[in-house]
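Chain by chain, the residues run as shown.
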Amino acid sequence: MSKSYRDVTKGAKPCPAAAGPCPENFEIIVTVNPKRHKKEDLFQFIERGATIFRINGAFLTVENVKNNIDYLRGAVGNSAKVMIDLPGYKVRFLYLCKEIEFKADSPVEFKKEYFNYPEFFDLLGPGSVICANNGFNKFTVSEKRAGSIICNADSDGAIMKGKGLHIGDVKFRPSGSVLSSHDLKLLDLVKGCGVDYVGLSFAHDVDDLKYIKDKLKSSGIKCIPKIESKESVGNLLGILEDSEMAILDRGDLAGEIGIESVWGAQKRIIY
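All residue numbers refer to position in the chain's written sequence, counted from 1. pLDDT decides what is reported in this predicted model: residues at 70 or higher carry local features, side-chain atom pairs at 80 or more are listed and counted, and totals for whole chains, interfaces and linings draw on all residues regardless. Hydrogens are left out, water is left out, and the side-chain values use all remaining heavy atoms of the structure.

## Examining the overall build of the protein
Test applied: Numbering of helices and strands runs from the N terminus, with a helix taken as a DSSP run of H or I at least four residues long and a strand as a DSSP run of E at least two residues long. Whether a residue is buried, partly exposed or exposed follows from its accessible area with a 1.4 Å probe, protein chains only, as a fraction of its type maximum: under 20%, in between, or over 50%, in that order. In what follows, a contact means two residues having at least one pair of non-hydrogen atoms within 4.5 Å. Note on areas: Shrake-Rupley, 1.4 Å probe, and residue coverage restricted to the protein chains presented here.
A tally of helices and strands in the protein yields eight helices and 14 strands. The proportion of buried residues among the 271 residues of the protein is 48%. Sequence-distant contacts in the protein: of pairs separated by 6 or more residues, those separated by 24 or more amount to 68%. Carbon and sulfur atoms provide 51% of the accessible area of the protein, an area that totals close to 13500 Å².

Written out as structure tokens, the structure is:
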């Protein structure tokens, strides 16, 4: 990804595979799982041009995130940078004990206790449509209870811990506009772990970016906003003007604005 969105117009081209290090104005981010990627795998990524290793904080405990950072630093030293992704304002099935399996046209129950931001229930009612798994699974709310909602799924599938949920055309922002306790714990953790970047998932506007920057000041860690919500597309210029770099997550953005609209948003973001 270009370090500056303005640089995209300067004629830089992506690196072909095995072409060695990328031009100075490009970063190639690789999402890694230390349980699966051995030291030799990491160096193969670097030889192919990878410059940043990304750890997704949405699917790990704070302790596991630290273990993963220590593993990466011990394996590759300073040969690549490290980025931690904060889950951000995205509504997630953060507290599942096991996968939720569902069948098409059959009721499935989602309990408030499953979610990092259970207050989003206030925006729902019978007939509301929500999406999961990057928009591939849609659910129509048929009943709303005190601590749960009953939905009908449009297809078979399963939802695992950490997966996100999209709320159709409804705009959602948590009470007080603060990050979850998990996000805040991750922010405290990374300050002393040799992390280079924090990725802010579901940034809504430039104020979100400034909030994270303030939390990270004096640490030397930079914040990269992720453009993946309808709010971030609407506030695009302000976010990018305050950023060196941005990440476009087309999967989540498809769940937010519809897969047919992603190409236009992507073209605008790159421009």
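Still to come is the rest of the account.
## Some points on the pairing of strand 3 (residues 81-86)
Rules: Two strands pair if DSSP finds at least two bridges between them. Think of it like this: strands point away, you trace from the first strand over the helix to the second, and a clockwise trace means the crossover is right-handed.
Across the six residues of strand 3, five count as buried, placing the element largely inside the fold. Relative to strand 3, strand 2 (residues 52-56) is paired through five bridges, and the arrangement is parallel. Bridge pairing links N56 to D85 in strand 3. As a crossover connection, the stretch from strand 2 through helix 2 (residues 62-76) into strand 3 is right-handed. The pairing of strand 3 with strand 12 (residues 197-200) spans four bridges and is parallel. Residue pairing across strands places M83 opposite Y197, the latter belonging to strand 12.

## Quick look at empty space enclosed by the protein
We apply this condition: Cavities and pockets are found on a 1 Å grid laid over the protein atoms alone: a cavity is a set of points where a 1.4 Å probe fits but cannot escape, a pocket is an open set with protein on both sides within 12 Å along at least five of seven lines, and a lining residue has an atom within 4 Å of such a point. Grid points are joined across faces, edges and corners, and a volume is the space filled by probe spheres set on the points. Charged means Asp, Glu, Lys or Arg here, nonpolar means Ala, Val, Leu, Ile, Met, Phe, Trp, Tyr, Cys or Pro, and polar covers whatever is left, Gly included.
Under the definition given, this model contains two cavities of 30 Å³ or more. Taken as a whole, the largest cavity encloses approximately 110 Å³ of empty space. Along its surface, the largest cavity is lined by 13 residues, and Y89, I167, F172, F202 and E256 are the ones closest to its centre. If you trace the second largest cavity, you find it lined by Y89, L179, L200, S201, F202, A203, D208, Y211 and I212. Ranked by residues supplied to the lining of the second largest cavity, first place goes to helix 4 (residues 206-216) with three residues. For the lining of the second largest cavity, the per-class residue count stands at seven nonpolar, one polar and one charged.

## Comments concerning the sheet that holds strand 3
Taken in spatial order, the six strands line up as 1-2-3-12-13-14 in an open sheet, and their pairing is parallel. Of all the strands in the sheet, the pair left with one neighbour each is strand 1 (29-31) and strand 14 (247-248). Bridging between strand 13 (residues 222-227) and strand 14 involves two bridges; their strand directions are parallel. Across the sheet, the residue bridging to K226 is I247, located in strand 14.

## Description of the pattern of salt bridges
To be explicit about the condition: Salt bridge, as used here: a side-chain nitrogen of Lys or Arg that lies within 4 Å of a carboxyl oxygen of Asp or Glu.
One pass over the structure, following the stated rule, counts 14 salt bridges. Between D85 and K226 there is a salt bridge whose closest N-O contact spans 2.7 Å. Of this pair, D85 sits in strand 3 while K226 sits in strand 13; the two residues are 141 residues apart in sequence, bridging distant segments of the chain. Comparing D85 with K226, the two get one shared label, buried. Residue E109 pairs with R145 through a salt bridge whose shortest N-O separation is 3.8 Å. Within this pair, whereas E109 is found in strand 6 (residues 107-111), its partner R145 is found in the loop between strand 8 (137-144) and strand 9 (148-153), the two being separated by 36 residues in sequence. For E109, a relative accessible area of 31% gives the class partly exposed. Shared partners join several salt bridges into a network, and the residues in it are R54, D85, K226 and D249.

## Digging into the pairing of strand 2
Buried residues dominate strand 2, accounting for five of its five residues. Side-chain alternation along strand 2 places I52, R54 and N56 on one buried face and F53 and I55 on a second face that is also buried. In terms of strand pairing, strand 1 meets strand 2 through three bridges, oriented parallel. When the bridges of strand 2 are listed, T31 appears paired with R54. For the crossover that starts at strand 1, traverses helix 1 (residues 39-47) and ends in the parallel strand 2, the hand is right-handed.

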